[in-house]
Every structure is written in C-alpha cells, then in structure tokens.
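Structural features, examined
For reference, the chains in residue letters:
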Amino acid sequence: MFSQHFVYRYDNGIGARKASAGDVSERRELRERLKCKSFRWYLENIYPESQMPLDYYFLGEIRNVESQNCLDTMGRKANEKIGSSYCHGLGGNQVFAYTKRHQIMSDDNCLDASNALGPVNLVRCHGMAGNQEWIYDEEEKTIKHVNSGNCLTRPSHEDPSTPLLRPCIRVHTSITPGYSPGQQWLMQSKFKWQAQHDNHFAEDR
C-alpha cells in the first residue's frame, strides 16, 4: 500500500511509464479502509537506512547547455565514472535526483569527486556531504562541487562520454554574461514531490 514514492523507481524503468496501471480504485478503497501508512512513513520508521531520497528538488534528466547531451550512468556500477550521452527522454540511466542533502543521485549511487579535477565517479551514497555535495544554481545553471569549488563540465572532444570537473569559467558578453555553456546544465524535472513547494535549489546552502 505504499504509493507516494513509486515515482522514483517507476521513472527509472525505460518502458514503465508507458504501461497502464489499470483500474486501481478497489486498491485505493482498501488502502483507505485499512488506514495504510505511506511509503514515506515506511522509509522513515521501518527502513531509515535506505538511501532512497525522501526529499529532493528535482528528478529527471540533467542536460548540458552546450552539447545538449545528458548525464548517463551508462549502466555502470559503484566506483566507475559517470558518463554522458544523447538525451533519449526514456528515463532509465538518465534519471537523477538532486536531493535536499545536495546529492546528485542515481539509485543508491551519488556523484562523487575525491580530487579537485576529478574524475567524477558513481559512489555509494553516504549522506555525509563531503565529496558528494553539489550546489545547483538555478539562475547560473552551474553544478558546483562544494569541496573543490569547481564546476561540472561537458566532456572533452577527446573523450566525449566522460564529464569533467574543472575551474568555473565566467564569460562576459553584452548579451548573456554568465558561465561557459559547457559548464551550464538544465535540470528539467518531470517529477517534483517533497520539495515542490520549496523549490529554490540554493536555499539550504
């Protein structure tokens, strides 16, 4: 009877969003009659060690402004590099949660950089900030690694599938002053749950 958090796993299945759930009215009536607890209650009280993000600002793809490619786990596991590829819009390996702990999370792995210039790896989320703390500036569209102060950057031409961590570069033009487009990212959320009424990314700095 846990329904409030299925959206996270649901969108992580490439074809799941197109599947019909059918008529669930009887199940809803049963849930109300039995006074079932929410899935959030289960995670907070029964399974608090779970790394599933309870509170997040954003859930969806993370697209680079310059390359128009998206962050992609490429099916890689913990302690492997994060990847980048064509944005396919099907969820799966391109679904990330930006949590209120300032993690960028895919399943139970988070973006992690132990060195100032990377690499940026997928590492099991530990919830203690440090190498896994990132600040997304919605106005500047930058993703800054808090420990190093550097910005997540589009891949190089030599290695077009591996995002980089580099010093943040400001560009000054008469039209659009700001950061280099290669360091700007769009978090285009299809789902906003717990943080939807408080959706200011930098508010908890």
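Refer to the structure above for everything that follows.
Residues numbered from 1 in each chain as written. Predicted model: local features only at pLDDT ≥ 70, side-chain atom pairs only at ≥ 80, totals over all residues. Heavy atoms only, no water.

1. Here we look at the environment of asparagine 131
With respect to the helices and strands, asparagine 131 occurs in the loop between β8 (121–124) and β9 (134–137). Sequence-distant contacts of asparagine 131, that is, excluding residues within four places in its chain, are made with Leu111, Asp112, Ala113, Ser114, His145 and Asn147. (Helix = DSSP H or I, 4+ residues; strand = E, 2+ residues; numbered from the N terminus. Contact = heavy atoms within 4.5 Å.)

2. What about the packing of aromatic side chains?
Evaluation of the coordinates by the stated rule reveals one aromatic pair. Seen from their ring centres, tyrosine 57 and tyrosine 98 are 5.8 Å apart, and the 35° between their planes marks the pair as tilted. A residue pair is termed long-range when its members are at least 10 positions apart, and tyrosine 57 in strand β1 (residues 56–64) and tyrosine 98 in strand β5 (residues 96–99) qualify at 41 residues. Summarising the burial analysis for this pair, tyrosine 57 and tyrosine 98 share the class buried. (Phe/Tyr/Trp six-rings, centres within 6.5 Å; stacked < 30°, edge-to-face > 60°. Buried < 20%, exposed > 50% of the residue type's maximum accessible area, 1.4 Å probe, protein only.)

3. Regarding the state of the cysteines
Taken as a whole and assessed by the stated rule, the structure comprises three disulfides. The disulfide partner of cysteine 110 is cysteine 125, and the gap between their sulfur atoms is 2.0 Å. Taking the sign of the S-S torsion, 100° for the link of cysteine 110 and cysteine 125, the bridge is right-handed. Residue cysteine 110 is found in strand β7 (residues 109–112), and its partner cysteine 125 is found in the loop between β8 and β9; the two are separated by 15 residues along the sequence. For cysteine 110, a relative accessible area of 0% gives the class buried. Sequence-ordered numbering of the bonded cysteines in the protein chain gives a disulfide pattern of 1-2, 3-4, 5-6. (Disulfide = S-S within 2.5 Å.)

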